[in-house]
Structures are given as C-alpha cells and as structure tokens.
Amino acid sequence: AYVFGDGSVRPKNQENEGFKPVYEKIAGEVPGGFTLFAYDGIQVIYHMVEAQKGGKFDANAAMNAAKGYRWNSPRGPLLIEPATRDITENVYVRRIEKVNGKLRNVLVDTFPQIKDPWPEMGRPK
C-alpha cells in the first residue's frame, strides 16, 4: 500500500502504481487526500465532456453521463449513484503504527463499495 502525504494508506492498485510517482515528480511531494479528490473530480468532468462527442455542450447530457459512472481511482473503485449522484467508494479502516520510524495510518480492513446512507434516511428539515 502507498503512504500518501496525509499519512493515509491506500491499497495497491494499478492507478496508484501510475499516479503516485508521476505526481511526486511533477509536484515534488506525495499526493494527499485533497489531491485525489481533485484528480477524481477531473476524471468525472472529462467523462462528462467526452460524452458530448464533440457537439455543443449540453448540461443535461453531461449530468446524465455522470449518473452511474464507474472508474478506478488511485483511492479504489468509485461509482456515482444514478439516483442521488452521491459517490459509492471503499471505506478503509486504519490504525496508527510506526513505519520506518514515522507514525502512519496503516490499513487494517476495507469495507468495499459503501453507499452513503444519508439520502435514504431522509434529510432533516
């Protein structure tokens, strides 16, 4: 697993293998959580624009392209729920341990593809 700038540990996957060294070379630092959120946001925007097939931009078509979109992120598999447009992702359980003399969040367990329960619970008024 990779240790990111925020001390978190992500599971090894193909996206991590490619993303982390390129980011470190360009930015001069290890990527943190916000970097990954931005990376994923750009991934979705790219998909929405690509869905336009070179035509005039249509906001409704772009939003429809995002609904149900799945991709593999450096932080694991992601899905935009079609009904709510909330993200479904892995939840990583970590504990702090000393790794190479530094305190790090070490991956203990993964709960795969957890959906945000809030929309189904109903938002308070």
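The sections below set out a description of the structure shown in this document. Just so we're clear, the structure is a prediction, and the values are computed from it rather than from any experiment. Numbering of residues starts from 1 in every chain and runs along the sequence as written. pLDDT decides what is reported in this predicted model: residues at 70 or higher carry local features, side-chain atom pairs at 80 or more are listed and counted, and totals for whole chains, interfaces and linings draw on all residues regardless. The basis for the side-chain values is all heavy atoms of the structure; hydrogens and waters are excluded.

What follows concerns the overall build of the chain. The secondary structure listing takes helices from DSSP runs of H or I that are at least 4 residues long and strands from runs of E that are at least 2 residues long, numbered from the N terminus. In terms of regular secondary structure, the chain is built from four helices and six strands. Listing each helix as α and each strand as β along the chain from the N terminus yields β-β-α-α-α-β-β-β-β-α. Three exposure classes are used, based on accessible area relative to the maximum for each residue type with a 1.4 Å probe and protein chains only: buried under 20%, partly exposed in between, and exposed over 50%. Taking all 125 residues of the chain together, 31% fall into the buried category. In what follows, residue pairs with any heavy atoms lying within 4.5 Å of each other are defined as contacts. In the chain, the proportion of contacts linking residues at least 24 apart, taken out of those at least 6 apart, comes to 37%. The accessible surface values rely on the Shrake-Rupley method and a 1.4 Å probe; as for residues, cover is taken only from the protein chains in view. Accessible area for the chain stands at about 8400 Å²; split by element, carbon and sulfur atoms hold 56% of it.

For helix α2 (residues 33-50), spanning 18 residues, the distance from its first C-alpha to its last is 26 Å, which sits close to the expected 26 Å at 1.5 Å a residue. When α2 is considered as a whole, its buried residues turn out to be G33, T35, L36, D40, V44, H47 and M48. By this rule the span expected of a helix is its residue count minus one, scaled by 1.5 Å.

For the rest of this paragraph, the subject is the pairing of strand β6 (residues 102-114). Relative to β6, strand β5 (residues 87-99) is paired through 10 bridges, and the arrangement is antiparallel. Bridge pairing in β6 places Y92 opposite T110. Turn length for the β5-β6 hairpin, with the two strands adjacent in sequence and antiparallel, is two residues, and the turn residue N100 shows positive phi of about 50°. Two strands qualify as a pair provided DSSP detects at least 2 bridges between them.

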